[in-house]
Amino acid sequence: MASSALARYEKLLISNASTINTIESSVRSLTWFLPGRFKDAELASEALSATMNIMSMYHDTLLARRLKDPKLKPLIPPSPHARYTRTWADKNQTYRWAARALELIKFVELLVEMAMRRKLSRKGVWRGIVLMETIKAALKLLILKLTRRPLLSPPIPERDIDPASLPEPAPASPPTEKDQKQLASPPHTPAHLKNNRVKLPSTSRSRTPSPLLTATPPPPHLSQAAIDEYLLPKALSVADVRPALALMKPFQTPIEWISEVIHILRPLIYVLALQRAARQRNPTNSPLLISLGLDLLSGYLRRSPPATSSSSLERQEYAKRDRDILWYFLRGGIWSEWTRPKIEAIANTTSKAPIVGVIGSLIQDWIPLIDEYHYYTAA
């Protein structure tokens, strides 16, 4: 019964992939406007967002399973991230389940924190956050042990194809009598190929060369630059033809391993420092400084991949980690003493404008959430 229901749902998803994709995008956009609209609106918004993320991950699994059909192979090759993560997920079952579990925890961690802050004491909330970060660190270390390569974020393939572009499988029909006659008869030679054995006029009898050899080519309608601009995005790069596991080189030195382990353990150490600081009466910036120092140390110790297309996946991951440093403007003393006053001033100024005031009111609704919840600014 359950298998038949899942089969019907999968058929419904494939048949209405474009509509479901539009609904997912619309619901995600709606979650940005819910906080502050009514009581516990942020809890409803995050529950809706977590549900949509989980459903999207399940939909991606179904679409990836259908893309394994050679008849539905997309014209544009998948991204290096999708090739690398999908190869590991298909090759190693432990990697697949560890990566999915890690993503599920990321989807629901903020929702779980909101529920704990409404039911548990402050000490119980921090214990729950430490437990989630411990599980996440253990899963990341397990993936690191399996791959022996830098951990990608996210560790599962992202949707890199429009579901609407997938053709619906045509129902199989028995061959007709006309089709059977065509299969039994020999192949017919087209009319434009019947004269392909006519010899060119011999140049030994006539000094006049063949008109096929002297005809001037037609003038090009496009410049060479325009042709190159059109063809280059469709050309295969070195990363497109390399084996998927060769897109990320394994670690070779102890320094590289230490750098990655520091990057994995940094969120757990930060939460433990926040838990200890919450017991003190006077606020301190030591958790923020410890976390920032670990991030900078990990970035300093990590290897520098060459600026080639074959190492583009690793360079993209390191660039993303460098951009995550900007989250520190929304944490600790930097947020309370520098960033929040400036954002509040901008929100108060724009709230009086007729159209821009909507943005100012949204900012004012989100500021208390950044103050109260840890996972709103955790990266």
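Located above this text is the structure these notes cover.
Calculation criteria
- Residues numbered from 1 in each chain as written.
- Predicted model: local features only at pLDDT ≥ 70, side-chain atom pairs only at ≥ 80, totals over all residues.
- Heavy atoms only, no water.
- Helix = DSSP H or I, 4+ residues; strand = E, 2+ residues; numbered from the N terminus.
- Expected span 1.5 Å × (residues − 1).
- Axes fitted to C-alpha atoms, helices over the stretch in contact; angles between N-to-C directions.
- Parallel < 35°, antiparallel > 145°, perpendicular 65-115°, else oblique.
- Left-handed = near helix turned anticlockwise from the far one by under 90°.
- Nonpolar A, V, L, I, M, F, W, Y, C, P; charged D, E, K, R; others polar.
- Polar contact = N/O pair within 3.5 Å; in protein donor to acceptor, adjacent residues only side chain to side chain.
- Salt bridge = Lys/Arg side-chain N within 4 Å of Asp/Glu carboxyl O.
- Buried < 20%, exposed > 50% of the residue type's maximum accessible area, 1.4 Å probe, protein only.

> Honestly, helix α6 (residues 122–147) in this entry has me stumped. Any pointers?
Since the α-helix turns once every 3.6 residues, residues separated by three or four places project in the same direction. In a regular helix each residue adds 1.5 Å, so 26 residues correspond to 38 Å; α6 covers 38 Å between its end C-alpha atoms and thus fits that length. Two residues or fewer after α6 comes R148, characterised by a positive phi angle close to 60°.

> Explain the packing of helix α5 (residues 93–119) against α6 to me, please; I cannot follow it from the model alone.
Where α5 contacts α6, the two axes come as close as 10 Å, and the packing angle between them is 165°. With respect to each other, α5 and α6 are oriented roughly antiparallel. In this structure, the crossing between α5 and α6 has a hand that is left-handed. Classifying every residue of the contact of α5 with α6 by side-chain character gives 16 nonpolar, 3 polar and 6 charged.

> What's the story with the side chain of S291 in this structure? I'm lost.
Relative to the elements of secondary structure, S291 occurs in helix α12 (residues 286–301). Side-chain polar atoms of S291 contact the side chain of R266, separated by 3.0 Å. At 2.6 Å, the side chain of S291 and the side chain of Y328 are in polar contact.

> I keep staring at the pattern of salt bridges and nothing clicks. Help me out?
Side chains that carry opposite charge are capable of pairing whenever their charged atoms lie near each other. Evaluated as defined, the whole model comprises 13 salt bridges. With a closest N to O distance of 2.9 Å, R302 and D322 form a salt bridge. Of the two residues, R302 sits in the loop between α12 and α13 (312–323) while D322 sits in helix α13, which places them 20 residues apart along the sequence. D371 is paired through a salt bridge with R340; the nearest N and O atoms lie 2.9 Å apart. In this pair, D371 sits in helix α15 (residues 357–372) while R340 sits in helix α14 (residues 332–350), placing the two residues 31 residues apart along the sequence. A relative accessible area of 40% places D371 in the partly exposed class. With relative accessibility at 22%, the residue R340 sits in the partly exposed group.

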